[in-house]
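Observations on chain architecture
As a plain string of letters, each chain reads:
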Amino acid sequence: MPKKSQPGGSTVESLSTKQPKHTTKKATSKRTSKAAKESVRDQAYYDAVNYWDKVKESVLHDTITSRESAVPPRAANPRSPEGKEWWDVNGIEMVANWIRFREYGNWKIAMINGAPAVEIELQVPVGNTFIKMAIDRVMIDDKGNYCIVDLKTGRRVPESTLQLGFYRYGLKKVFGIDVNIGYYWMARQATMTDGIDLSDYTEEKIEYLVTAFDNARKAHSFIPNTSNCKMCGYTMHCIWYKGEDKK
Ligand code: SF4
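So, here's what we can say about the structure. Within every chain, residues take consecutive numbers counted from 1 along the sequence as written. With pLDDT at 70 or above as the cut-off, local features in this predicted model cover only qualifying residues; side-chain atom pairs require 80 or more to be listed or tallied, and sums for whole chains, interfaces and linings still use all residues.

**Remarks on the overall build of the protein chain**
In terms of helices and strands, the protein chain carries six helices and nine strands. Between the buried cut of 20 or more and the exposed cut of 12 or fewer other C-beta atoms within 10 Å of a residue's own C-beta lies the partly exposed class, and all C-beta atoms are placed from the backbone. In the protein chain, buried positions account for 14% of the 247 residues. Contact definition: two residues whose C-beta atoms, as placed from backbone geometry, lie within 7 Å. A separation of at least 24 residues holds for 60% of the contacts in the protein chain among residues at least 6 apart in sequence. Think of it this way: any DSSP run of H or I at least four residues long counts as a helix, any run of E at least two long counts as a strand, and we number them from the N terminus.

**Remarks on the site of the ligand**
In the vicinity of the ligand, the contacting residues are Pro 224, Asn 225, Thr 226, Asn 228, Cys 229, Cys 232, Tyr 234, Thr 235, Cys 238, Trp 240 and Tyr 241. Residues belonging to the shell around the ligand are distributed by class as follows: seven nonpolar, four polar and no charged. In this analysis a residue is considered near a molecule or strand if the C-beta atom, reconstructed from its backbone, is found within 6 Å of that molecule or strand. Following the grouping adopted for this structure description, the nonpolar residues are Ala, Val, Leu, Ile, Met, Phe, Trp, Tyr, Cys and Pro, the charged ones are Asp, Glu, Lys and Arg, and the polar ones are all others, Gly among them.

**A few points about the environment of Leu 171**
Within the fold, Leu 171 resides in helix α5 (residues 162–175). You can call Leu 171 buried: it has 24 C-beta atoms within 10 Å. For the pair formed by Leu 171 and Leu 122, sequence separation is 49 residues and the distance between their alpha carbons is 8.7 Å. What Leu 171 contacts, discounting residues up to four positions off in sequence, is Val 138, Ile 177 and Val 179.

**Side note on unusual backbone geometry**
Here Glu 119, not a glycine, exhibits a phi torsion of approximately 50 degrees, which is positive. Mapped onto the secondary structure, Glu 119 falls in strand β4 (residues 118–126). For Glu 119, a count of 10 C-beta atoms within 10 Å puts it in the exposed group. At His 220, a position not held by glycine, the phi torsion is positive, near 55 degrees. Here His 220 is to be found in the segment after α6 (203–218).

And the structure:
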């Protein structure tokens with residue numbers, strides 16, 4: 001891991017100018033490009049490295065412990081080529097992207113009941129069942145609007161915005177606040193999507209959906225949706241999955 005250093009400080013300079021003896025042209029060019037990349041590292045990058053180092057072990061430990069007590073451990077996406085090594089490098093970049101956004105942007109974390117609206121875990125009753133949710137952020141955007149922000153580390157923006165609709169429902173039911181704009185923060189690209197109008201996700205629609213799913217669950221009526229199997233962690237139990245990697 002790089003040592004903490006101010007951008008342009010001695011660590012960065014030594015990386016960008018030092019040339020080893022007996023290097024081929026190709027090796028030199030590769031090293032120069034790595035050095036050029038290092039030279040544009042900013043404070044956010046080093047803050048992210050430090051933060052990542054601090055939390056990584058405890059996050060991994062908590063994740064493994066909770067999974068051991070619940071279900072057999074598995075990767076979030078078992079078919080992803082992005083393993084631990086990939087995340088050790090790119091995870092830092094994603095954290096740094098978020099730090100830069102928070103540092104240099106003019107969005108603010110909203111306060112709810114006197115506390116910052118970060119990682120809000122709710123269990124919202126609907127009829128005889130509960131909807132569990134964890135809302136990444138409620139923020140005040142650059143136009144001064146309260147909004148729901150979901151942090152995404154995947155490649156693609158979700159096709160459905162229903163998840164945000166559920167968050168709107170939860171915030172209204174539990175705190176009595178109506179937040180009808182949502183965003184996805186795409187950590188790989190360091191971009192916020194355009195604002196998404198959530199006003200069409202009314203209480204009536206969300207309650208209809210939950211009740212219908214609950215009735216289907218009780219009747220053991222499960223309709224497979226094979227359009228998204230690549231992201232599914234239950235393929236080994238599912239008779240509908242036909243991929244070669246099924247175990
Ligand atoms: S593998 Fe089965 S459970 Fe998973 S998404 Fe596909 S159809 Fe649904």
